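Now for the letters of each chain:
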Amino acid sequence: MPVTDHTSNVLAALLREFPLRARLERLDPDVRRTYGAIVSEWYGTAAPPQPPKFEPSHLAALEQADAVVVVDAGIGCYPFSAAPTGIRVTYLDRSCHAMCAIDALAIPCVIGQSATIDATCNACRRRLTIAVGPRNGSLSIDSNDIAVTHSGVSVMYAPKAAEHGVCNRQLCPLIVFVCDECADPGSADLLSVAAATVVAAQFFSFQRKYLPPKASAPEHA
Ligand SMILES: [Zn+2]
Ligand SMILES: [Zn+2]
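Residues numbered from 1 in each chain as written. Chains lettered and ligands numbered in written order. Predicted model: local features only at pLDDT ≥ 70, side-chain atom pairs only at ≥ 80, totals over all residues.

### Focus: the overall build of the chain
The number of helices and strands found in the chain is seven helices and eleven strands. Within the chain, the proportion of its 221 residues that are buried is 41%. Excluding contacts between residues fewer than 6 apart, the proportion of contacts in the chain whose partners are at least 24 apart in sequence is 66%. (Helix = DSSP H or I, 4+ residues; strand = E, 2+ residues; numbered from the N terminus. Buried ≥ 20, exposed ≤ 12 C-beta atoms within 10 Å, placed from the backbone. Contact = placed C-beta atoms within 7 Å.)

Right, here's the structure in full:
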């Protein structure tokens, strides 16, 4: 699908409200290497990395930048949540929770693997399933290569404040899946799942440079 003005506006809003890539680029190279290890472990295993494996000062710097979220279950790292969120992503033989709706759509795009997302409508709680897969043999940030299959699902992106503290507490809860019956078609906050996938892929594509080459290889390569 084409990148519309609306899609670019949402991407710009997300980059303004949560400038993750820019924040990481300001960190020490050693800290960025630790970030790479954490994000690679997440994509590779879909399980939360555990804090003792990492240098405490690096973890503290990453937490300070809101690049990771440490909870009892381990280290959450956008788009992956270490705590349950109600948005489950299954890819390869792995399953995990995503921080929010856009984060869930990012996971298959970053690693080039098909995925199934199980979530509930944020308003009526009905179960929703979204399949994200390659259209032309590969998944990439080129939106024409992404096929999203679902019935009656949209994404609401409703943040209003310009500044956020911790993204997963303040921003992610406002980025949700809704069913067609609950979606207000006139709402400026409504995004199609396909448009939200484009936003997700573009926002998170920088993570590929932190992954080992094999982890980001397209599944049909
Ligand atoms: Zn609903
Ligand atoms: Zn999020």
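This is not the end of the story, as more comes after the structure.
### Side note on the pairing of strand β2 (residues 74–77)
With four bridges connecting them, strand β1 (residues 68–71) and β2 associate as antiparallel partners. Counterpart to V68 in the pairing with β2 is C77. What sits between the antiparallel neighbours β1 and β2 is a turn of two residues. (Pairing = 2+ DSSP bridges.)

### Brief notes about helix α1 (residues 5–17)
Compared with an ideal rise of 1.5 Å per residue, which puts 13 residues at 18 Å, α1 spans 18 Å between its outermost C-alpha atoms and is within 8% of the ideal. Taken residue by residue, α1 has T7, V10 and L14 as its buried positions. An end-on view of α1 places all buried positions within 65 degrees of arc, on one side of the element. Across α1 from its buried face, at more than 90 degrees, point the exposed residues D5, A12 and R16. The elements touched by buried residues of α1 are β9 (153–157), β11 (190–192) and α7 (193–204). (Expected span 1.5 Å × (residues − 1). Arc of directions from axis to C-beta.)

### Some words on helix α3 (residues 29–45)
The end-to-end C-alpha separation of α3 is 24 Å, in line with the 24 Å expected for 17 residues at 1.5 Å each. Taken together, the buried positions of α3 are occupied by V31, T34, Y35, I38, V39, E41, W42 and Y43. Tucked inside the fold, the buried residues of α3 contact α2 (20–25), α4 (56–64), β1, β2, β3 (80–81) and α5 (101–111). Where α3 ends, the next residue or the one after it, A46, has phi of about 60 degrees, a positive value.

### Looking at the packing of α5 against α7
Relative to each other, α5 and α7 sit at 65 degrees, their axes nearing to 8 Å. Overall, the two elements α5 and α7 adopt an arrangement that is roughly perpendicular. Judged by the twist between their axes, the crossing of α5 over α7 is right-handed. Packed against α5, whose contacting residues are A101, I102, L105, A106, C109 and V110, the element α7 presents A196, T197, V199, A200, A201, F203 and F204 at the interface. (Axes fitted to C-alpha atoms, helices over the stretch in contact; angles between N-to-C directions. Parallel < 35°, antiparallel > 145°, perpendicular 65-115°, else oblique. Left-handed = near helix turned anticlockwise from the far one by under 90°.)

### Side note on unusual backbone geometry
Of note, the bond from Y78 into P79 is cis; its omega dihedral lies within 30 degrees of zero at 5 degrees. Tracing the backbone shows P79 in the loop between β2 and β3. Backbone geometry places L92, a non-glycine residue, at a positive phi of 50 degrees. With respect to the secondary-structure elements, L92 resides in the loop between β4 (88–91) and β5 (94–98). The exposure class of L92 is partly exposed, given the 13 C-beta atoms found within 10 Å. In the Ramachandran plot, R125 falls in the positive-phi region, its phi being about 70 degrees despite a non-glycine side chain. Along the chain, R125 falls in the loop between β6 (115–120) and β7 (127–134). Classification of R125 as exposed rests on a count of 11 C-beta atoms within 10 Å.

### Description of the environment of L128
Of note, L128 is situated in strand β7. It is 8.4 Å that separates the C-alpha atoms of L128 and V178, two residues lying 50 residues apart in sequence. In contact with L128, not counting residues within four places along its chain, are A119, T120, C121, V153, F177 and C179.

### Looking at the sheet that holds strand β10 (residues 175–179)
The strand order across the open sheet formed by three strands is β10-β9-β11, and the pairing between neighbours is antiparallel. Two strands in the sheet have a free side with no partner beyond their single neighbour: β10 and β11. Each adjacent strand pair in this sheet contributes to an overall mean axis angle of 40 degrees, direction not counted. Bridge count between β9 and β10: five bridges; the pairing is antiparallel. By the bridge assignment for β10, M156 is matched with V176. Each of β9 and β11 touches α7; the most contacted strand, β11, lies at about 90 degrees to it.

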